[in-house]
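Spelled out from the first residue to the last, the chains are:
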Amino acid sequence: MPQKILAGRAADPQLRGDLVQVKVDQVILSRAPSRALAEAIATGMKKTPVEVAVAYDGTCVADASSLADIDEGSPHSVSPEFPTYNIPIARPGIGFPAPVHLERFAAPARLALTDDPRLTTVGGIGMLSLVVSPSQLGQALATGSVWLRPPRSVQIHLSGRVRPFVCARDVALELLRRNLDEVVRRIEGEHHAPVILEFAGPSARLLSVGDRAVLCGIAPQVGAAAALFVSDEKTEVFLRDQRRSKAHRALVPDPGAPCEEVVSIDLGTVDPLLMDEEGVVRPVRDLAGKPVAQVVLGGDSGVTLRDMLAAALLLKSKRVPSRLDLLVAPPSRQVLEVLAQSGALVDLVATGARIVEPDRRVVTSEIYPPPPGSLSLRTADPEPRIAGAPSFVVASAETLAYAVATGAVGDPRSFKRPVRVTVPRALPTDDVLILRDKKGEQVSTKKPPPAPAAVPWKGPLTLDVLAGVPKVNGHAAVGAPGRAAPAPVEPPAAAAAEQQGQAAPAEGKAAGGVALVLSTLDEVRAVAERATDLSTVRAVVAPFVPSTAVSAFASEGIATFLVGTEALGSIKEQKSVELPAPAQWGDRVAAIFGSERVEVAWLATGMERSWTHAGTVRQPASSSKPAR
């Protein structure tokens, strides 16, 4: 299915070559909107030619610093001038970007580009959503096209029916427990191409669009580029309920369509599961009886409207235990209105719940963090698990409801009698919080911030080695970035020279930036999501880097190298790495870590190599033309 979507938009329908140019239908800006707009304007954009482009402002709890960042043009802010370029703004309070986009903008059989990995959930409606860098988003906004690696597919065959008190969240956790990440990593290593999860089988067609979106949300955690469901009668009904019937297109795989591997799962064998604070998926009974101090129901993934209604029914007439905080973060304004109209919101409030705004910092734990030394249960997918990041337990809405009812972790099947939930068909679809450009009305006279200057690779370079994910502004570099201006990672050698009042050594002779040595997929994900904030990072060395991250790094001028796990420990202990001049780079590069010579594989391919050397994917304004 992803090949069908790309082939219909590619200059080469056969998808031959390392990279192919494809037309883009939608652009979703969430993490660094102003940076993407600056890149587009630098390329010569007057109005974006893409069908749908939306900038989401996720800062609901505004403070002096967030307002100052908007005024100063922070890359992560959403400035009022977006609508003048045909890019509507989803204002604070509309909800989290992923569920809102699924309801109001996502369309089957289309291609979307985004800077937020959490937007993979829109694959539940049959739309292919790929994560790229802000500079690639700028190119897509300006030209309507982008260069991508042709993907490979892994089919997940679903059969059977889920039992009572088992939700889509449990099925998603079961897939993680089956080591799907190892399958993705092996196929990436064989083909050097993005891997996309395709859900198929008789049970895939029985799932609601909301449940499908929950399953698609696991793609970033296993290293996959995206996930995709068919577009069928369930999709058509969903769009009809959203009053967007015209957006429907059928999308089914061709008979006998090849895939790299098939993973089968019987939904009838899935039990209530949870992901513990270490990231290990376990049956709920393994933690049964452990006291819970915080429950966050809602967020941008892992929960559907049906799940929210079910939790409210299970908690009706219950009371929150004295030492437990119940926070309810409705995924979207639409869900909030349905909960209010049905009376479920009143039931939750009567239970003792606190309704919190859909601020982006809720899902990253920047606000309402897990209490120290206590257990926190949440429905939303976690951010990359790295040192210093907040940790919590991920479980289904019904498992969370049991924890609220009893004050401890337990199997929701102990409720004995499942609730019957009726999801209303008449849904509120008022887009009052979507700010669009009005003809004849000047939205803003302020000029957007300029795009950052590219830093090209020239001669030989010596980089300081830093093991693990660096901190930005004193905090772990995970999740959606803060509103503060990007803070560079200062190379140790350069910092020492500055403290001694000496000039920094010349390029090619001493530190010219930082090379990050990363051990896990979560570390790679954390750096890829914050690459625009790590201004002095010039290289990433790791035993596995997904192809989408390689492209994103290359477009920011960051070289990506593959190294064997056996050499990882020794190079982490080195203080610097010497890289030869780019003209000497090939498929393999001879790098000198300290006094040790290590052959590393350069993962960039085709045009990505020229992007790396140039330090940007940006093209001159005169050469920007929309793809035909």
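Just so it is clear, the structure is predicted and the values come from calculations on it, not from any experiment.

Section: the overall build of the chain
- For the chain, the count of helices and strands is 20 helices and 28 strands.
- Computed over the C-alpha atoms, the radius of gyration of the chain is 24 Å, within 12% of the 25 Å expected from 2.2 N^0.38 for a compact globule of 628 residues.
- The dimensions of the chain, computed from C-alpha atoms along their principal axes, are 70 × 55 × 55 Å.
- For the chain, buried positions account for 59% of its 628 residues.
- Taking contacts inside the chain between residues at least 6 apart in sequence as the whole, the part at least 24 apart equals 77%.
- Of the roughly 24500 Å² of accessible surface on the chain, a fraction of 51% belongs to carbon and sulfur atoms.

Section: the sheet that holds strand 19 (residues 434-435)
- Taken in spatial order, the 6 strands make up an open sheet running 6-5-2-3-4-19, and their pairing is mixed. Sheet topology places strand 6 (128-131) and strand 19 at the edges, where each strand pairs with a single neighbour.
- Judged from the 2 bridges that link them, strand 3 (residues 52-56) and strand 4 (residues 89-90) form a sheet pairing that is parallel. Directly across from Y56, in strand 4, lies its bridge partner A90.
- Against the sheet, helix 5 (residues 134-143) touches strand 2 (26-29), strand 3 and strand 5 (111-114), its axis set at about 140° to strand 2.

Considerations on empty space enclosed by the protein
- A complete count under the given rule lists 7 cavities of 30 Å³ or more for this structure.
- Its volume calculated, the largest cavity comes out at about 440 Å³.
- In terms of lining residues, the largest cavity is bounded by 29 residues, among which P117, V131, R525, A528 and E529 are the most central.
- Looking at the lining of the largest cavity, the elements with two or more residues in it are helix 17 (521-529) and helix 18 (547-555).
- Per element, the largest residue contribution to the lining of the largest cavity is 5 residues, and it comes from helix 17.
- Class assignment of the residues belonging to the lining of the largest cavity gives a composition of 16 nonpolar, 6 polar and 7 charged.

Some words on the environment of G594
- Within the fold, G594 resides in the loop between strand 27 (588-593) and strand 28 (596-602).
- Remark: the alpha-carbon pair of G594 and V465, spanning 129 residues in sequence, is separated by 9.5 Å.
- Each residue touching G594, except ones within four places of it in the same chain, is listed here: Q574 and S576.

What about the layout of surface pockets?
- In this structure, the second largest pocket encloses a volume near 720 Å³.
- If you trace the second largest pocket, you find 35 residues lining it, with Q3, P151, R152, S153 and E260 closest to the centre.
- Listed by contribution, the elements that provide at least two residues to the lining of the second largest pocket are helix 1 (2-7), strand 8 (152-159), strand 9 (195-200) and strand 28.
- Here the lining of the second largest pocket is composed, by residue class, of 17 nonpolar, 8 polar and 10 charged.

Things to note about the confidence of the model for the chain
- In this model, the chain carries a mean pLDDT of 88, and residues with pLDDT of at least 70 account for 90%.
- When the criterion is pLDDT under 50, residues 480-488 qualifies, and its contacts beyond four places in sequence or with other chains add up to 40 contacts.
- In the predicted structure, residues 490-511 sits below a pLDDT of 50 and forms 26 contacts with residues beyond four places in sequence or in another chain.

Structural notes on the environment of G124
- With respect to the helices and strands, the residue G124 is situated in the loop between strand 5 and strand 6.
- Judged by its relative accessible area of 0%, G124 is buried.
- Taking the C-alpha atoms as reference points, G124 and E556, 432 residues apart in sequence, are found 30 Å from one another.
- Excluding its chain neighbours within four sequence positions, the residues that come into contact with G124 are V209, R212, A213, C216 and F229.

Quick word on the packing of aromatic side chains
- Under the definition given, this model contains 6 aromatic pairs.
- A centroid spacing of 4.9 Å and a plane angle of 85° characterise the contact between W585 and W602, whose relative ring orientation is edge-to-face. Pair noted here: W585 is in the loop between strand 26 (576-579) and strand 27 and W602 is in strand 28, with a separation of 17 residues, a long-range link. Across this residue pair, the class does not change: W585 and W602 are buried.
- Connected via pairs of aromatic rings, a cluster forms that spans W457, F561, W585 and W602.
- In this structure, R378 packs its charged tip against the face of F392, placed 4.8 Å from the ring centre.
- The ring of W457 is capped by R538, whose NZ or CZ atom sits 4.6 Å from the centre of that ring.

So, the side chain of R104
- Tracing the backbone through its elements, the reader meets R104 in helix 4 (residues 97-104).
- On the basis of relative accessibility, which here comes to 12%, the residue R104 falls in the buried class.
- Non-local contacts of R104, meaning those with residues more than four positions away in its chain, are made with Q242, R244, T429 and D431.

Thresholds applied
- Here the residue index of a chain counts from 1 through its sequence in written order.
- Where totals are concerned, whole chains, interfaces and linings use all residues; where local detail is concerned, this predicted model gives features only for residues with pLDDT of at least 70, and gives and counts side-chain atom pairs only at 80 or more.
- In computing side-chain properties, one takes all heavy atoms of the structure into account and sets aside hydrogens as well as water.
- Strands are runs of DSSP state E lasting at least 2 residues, helices are runs of H or I lasting at least 4, and numbering of each runs from the N terminus.
- Only C-alpha atoms enter the radius of gyration; for comparison, a globular chain is expected to reach 2.2 Å times N to the power 0.38, where N is the number of residues.
- For every residue, the accessible area obtained with a 1.4 Å probe (protein chains only) is divided by the maximum for its type, and the residue is called buried under 20%, exposed over 50%, and partly exposed between those limits.
- Should any heavy atoms of two residues lie within 4.5 Å, those residues are counted as being in contact.
- For every accessible area listed, the method is Shrake-Rupley and the probe measures 1.4 Å; residues are considered covered only by the protein chains on display.
- One requirement defines pairing of two strands: DSSP has to find at least two bridges between them.
- Comment: axis = line fitted to C-alpha atoms, over the contacting stretch for helices; angle = value between 0 and 180 degrees taken between N-to-C directions.
- In this analysis the probe radius is 1.4 Å and the grid spacing 1 Å, with only protein atoms considered; a cavity is a set of points the probe fits into but cannot get out of, a pocket is an open set with protein on both sides within 12 Å along at least five of seven lines, and lining residues have an atom within 4 Å of a point.
- Grid points are joined across faces, edges and corners, and a volume is the space filled by probe spheres set on the points.
- Each residue gets one of three labels, nonpolar for Ala, Val, Leu, Ile, Met, Phe, Trp, Tyr, Cys and Pro, charged for Asp, Glu, Lys and Arg, and polar for the others, Gly among them.
- Residue-level confidence of the predictor is summarised by pLDDT, bounded by 0 at the bottom and 100 at the top.
- Pairing of aromatic rings covers Phe, Tyr and the six-membered ring of Trp, with a centre-to-centre limit of 6.5 Å; geometry is then stacked below 30 degrees between planes, edge-to-face above 60, and tilted otherwise.
- By the criterion adopted, a ring carries a charge over it if an Arg CZ or a Lys NZ lies within 6 Å of its centre and within 35 degrees of its normal.

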